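Residues per chain, in single letters:
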Amino acid sequence: MGLKLSVLDQSPISDGGSGGQALRNSLELAALADRLGYHRFWMAEHHATPALASASPEIMLAAIGRETSRIRIGTGGVMLPHYSPFKVAESFSMLEALFPGRVDLGLGRAPGADQLTAYALQQDRRQRTPMEFPQQVQELMAYYDRALPPEHPFRHLAMNLPGGPAKPAIWMLGSSPDSADLAGALGLPYCIADFIAGEVPHLADRYRAAFRPSSRAEQPELVVACWVVAADSSERAQWMAGPSRMMFAHLQQGQLIAVPAPDIAAGWLAANPVPMPTARRPIIGTAAECRAALEAKAALYGADELMLVNILHDHQDRMHSYRLMAEAFGL
């Protein structure tokens with residue numbers, strides 16, 4: 001079986017556009033990915049930014065499920081420290097009931113925002129919530145498995161999840177040794193954010209070494225999320241990628257901006273030279289160039305599935321990029 005390709009989307013908001021249009025663009029992209037043969041379509045979670053509209057990925061999944069028929073849909077991810085594990089369990093029980101056999105619940109511990117925004121997301125603001133991510137993940141899984149200890153005060157709640165016995169596939173997301181260790185110890189599938197951390201194949205090795213078979217995965221299951229911009233020429237791909245370089249440069253200076261137009265980005269980058277982020281190794285070029293780089297990436301990690309992500313100003317350019325990669329891999 002060949003390399004599987006999937007999509008991670010963040011609903012980028014173009015400068016001069018709106019969040020509503022960005023969300024509708026994501027629905028159109030999901031429907032395209034479904035038709036093209038991509039394996040999964042995941043939505044990210046980001047808060048309080050003019051650049052990305054996907055603040056509540058579970059809401060998007062309810063809409064994406066109606067726009068698609070085959071592709072797996074999921075989150076990349078739900079930032080669990082913000083939420084009650086029981087509430088997340090209920091929400092994804094409902095989604096799995098609506099779209100049986102298609103829902104992935106990807107879990108992350110990053111805030112998806114700055115620390116002040118993370119504090120604003122708390123219900124109880126008398127003090128900042130302590131980091132208890134491993135315990136939250138285990139409580140969440142126990143609701144689906146009906147495995148809370150007999151003395152646990154919430155034990156009976158697991159019997160009344162709205163989707164009944166149906167449960168989503170649970171994934172661990174991450175870019176650190178802690179996430180690799182936790183995914184392995186819990187026997188969960190693992191998605192490495194290469195587009196954030198750069199090339200970290202040692203995390204794949206660490207995950208496999210820590211892996212204990214479970215009811216959710218009998219053997220290690222690994223996906224690697226990569227930054228990919230494909231176009232009809234290398235020059236156009238680099239031009240399309242300019243806005244994300246400009247955005248990242250502003251982010252490093254503590255400034256959040258909407259996705260600028262490529263010509264604006266080109267002018268800004270000419271006046272403010274920003275080196276390519278070699279540590280993150282974005283894949284930018286023609287479909288053939290991107291395919292070769294992705295195959296090398298898969299070999300580096302020993303992965304049989306890659307998840308493609310990008311932020312582009314023009315929605316049609318994004319659609320075309322994903323079409324080119326589907327064609328290049330013969331999906």
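This write-up is about the structure you can find in this document. The shown structure was predicted, so the numbers you read here are calculated from the model rather than taken from an experiment.

1. Overview of the packing of aromatic side chains
Okay, step 1: Going through the model one piece at a time under the given rule, you end up with 6 aromatic pairs.
Okay, step 2: Relative to Trp171, the ring of Trp42 has its centre 5.6 Å away and its plane inclined at 75°; by these criteria the two rings are edge-to-face. Of this pair, Trp42 sits in strand β2 (residues 40-43) while Trp171 sits in strand β6 (residues 169-174), and the two are 129 residues apart along the sequence. For the residue pair Trp42 and Trp171, the accessibility class agrees, reading buried in each case.
Okay, step 3: Members of the aromatic cluster, joined through ring pairs, are Tyr190, Tyr207 and Phe211.
Okay, step 4: The ring of Phe329 is capped by Arg291, whose NZ or CZ atom sits 5.0 Å from the centre of that ring.

2. Quick look at the packing of helix α11 (residues 287-301) against helix α12 (residues 315-329)
Okay, step 1: At a minimum axis distance of 9 Å, the contact between α11 and α12 shows a crossing angle of 65°. Classed by the angle they form, the pair α11 and α12 counts as roughly perpendicular. Considering the relative orientation of α11 and α12, their crossing is right-handed. On α12, the residues touching Ala287, Cys290, Arg291, Leu294 and Glu295 of α11 are Leu324, Met325, Ala328 and Phe329.
Okay, step 2: In the contact of α11 with α12, the residues fall into 7 nonpolar, no polar and 2 charged.

3. Some details on the pairing of β6
Okay, step 1: Within β6, 5 of the 6 residues are buried, leaving the element largely enclosed by the surrounding structure.
Okay, step 2: Note that strand β5 (residues 103-108) and β6 share 4 bridges and pair parallel. Pairing of Leu105 across the sheet is with Ile170, part of β6.
Okay, step 3: Direction of pairing for β6 relative to strand β7 (residues 190-193): parallel, over a ladder of 3 bridges. From the neighbouring strand, Gly174 faces β7, where its bridge partner is Ile192.
Okay, step 4: With respect to chirality, the unit in which β6 leads through helix α6 (residues 177-186) into the neighbouring parallel β7 is right-handed.

4. Brief notes about helix α1 (residues 19-36)
Okay, step 1: Under the 1.5 Å per step criterion, the end-to-end length of α1 is 25 Å for 18 residues, consistent within 8% with the ideal 26 Å.
Okay, step 2: Those residues of α1 lying buried are Ala22, Asn25, Ser26, Leu27, Leu29, Ala30, Ala31, Leu32, Ala33 and Asp34.
Okay, step 3: Along its buried surface, α1 packs onto β1 (4-9), β2, α2 (57-67) and α12.

5. Digging into the pattern of salt bridges
Okay, step 1: Per the stated rule, a full pass over the model turns up 16 salt bridges.
Okay, step 2: Note that Arg216 and Asp145 form a salt bridge whose closest N and O atoms lie 2.9 Å from each other. Taken together, the residues span a long stretch of sequence, with Arg216 in the loop between α8 (201-210) and β8 (222-231) and Asp145 in helix α5 (residues 133-145) at a distance of 71 residues.
Okay, step 3: With a shortest N-O distance of 3.1 Å, Arg236 and Asp317 are connected by a salt bridge. Here Asp317 lies in helix α12 and Arg236 lies in helix α9 (residues 234-252), a separation of 81 residues in the sequence.

6. Focus on the environment of Asp9
Okay, step 1: Note that Asp9 resides in strand β1.
Okay, step 2: In this structure Asp9 touches Ser26, Leu29, Phe41, Trp42, Met43, Ala44 and Arg318, once residues within four positions along its chain are discounted.

7. As for the nonpolar core
Okay, step 1: If you look at the biggest cluster of nonpolar residues, it comprises 72 residues, and the most contacted ones within it are Tyr38 and Met325.
Okay, step 2: Setting aside residues no more than four positions away along its own chain, Met325 makes contact with Leu5, Tyr38, Val228, Ala230, Ala287, Cys290, Arg291, Leu294 and Leu308.
Okay, step 3: Judged by nonpolar contacts, the second largest core, of 25 residues, contains Leu8, Trp227, Met240 and Met247.

8. A closer look at the pairing of β8
Okay, step 1: The buried count for β8 comes to 10 of 10 residues, which makes it a mostly enclosed element.
Okay, step 2: Because side chains alternate across β8, one face comprises the buried residues Leu222, Val224, Cys226, Val228 and Ala230, and the other comprises Val223, Ala225, Trp227, Val229 and Ala231, equally buried.
Okay, step 3: With 4 bridges joining them, β7 and β8 adopt parallel strand pairing. Residue pairing across strands places Ala193 opposite Ala225, the latter belonging to β8.
Okay, step 4: Relative to strand β10 (residues 305-309), β8 is paired through 4 bridges, and the arrangement is parallel. Of the residues in β10, the one forming a bridge with Cys226 is Leu308.
Okay, step 5: One ladder, built from 4 bridges, connects β8 with strand β9 (residues 283-286); its direction is parallel.

Calculation criteria
- Residues numbered from 1 in each chain as written.
- Predicted model: local features only at pLDDT ≥ 70, side-chain atom pairs only at ≥ 80, totals over all residues.
- Heavy atoms only, no water.
- Phe/Tyr/Trp six-rings, centres within 6.5 Å; stacked < 30°, edge-to-face > 60°.
- Helix = DSSP H or I, 4+ residues; strand = E, 2+ residues; numbered from the N terminus.
- Buried < 20%, exposed > 50% of the residue type's maximum accessible area, 1.4 Å probe, protein only.
- Lys NZ or Arg CZ within 6 Å of the ring centre and 35° of its normal.
- Axes fitted to C-alpha atoms, helices over the stretch in contact; angles between N-to-C directions.
- Parallel < 35°, antiparallel > 145°, perpendicular 65-115°, else oblique.
- Left-handed = near helix turned anticlockwise from the far one by under 90°.
- Contact = heavy atoms within 4.5 Å.
- Nonpolar A, V, L, I, M, F, W, Y, C, P; charged D, E, K, R; others polar.
- Pairing = 2+ DSSP bridges.
- Right-handed = clockwise from strand over helix to strand, strands pointing away.
- Expected span 1.5 Å × (residues − 1).
- Salt bridge = Lys/Arg side-chain N within 4 Å of Asp/Glu carboxyl O.
- Core = buried A, V, L, I, M, F, W, Y, C linked by side-chain atoms within 4.5 Å.

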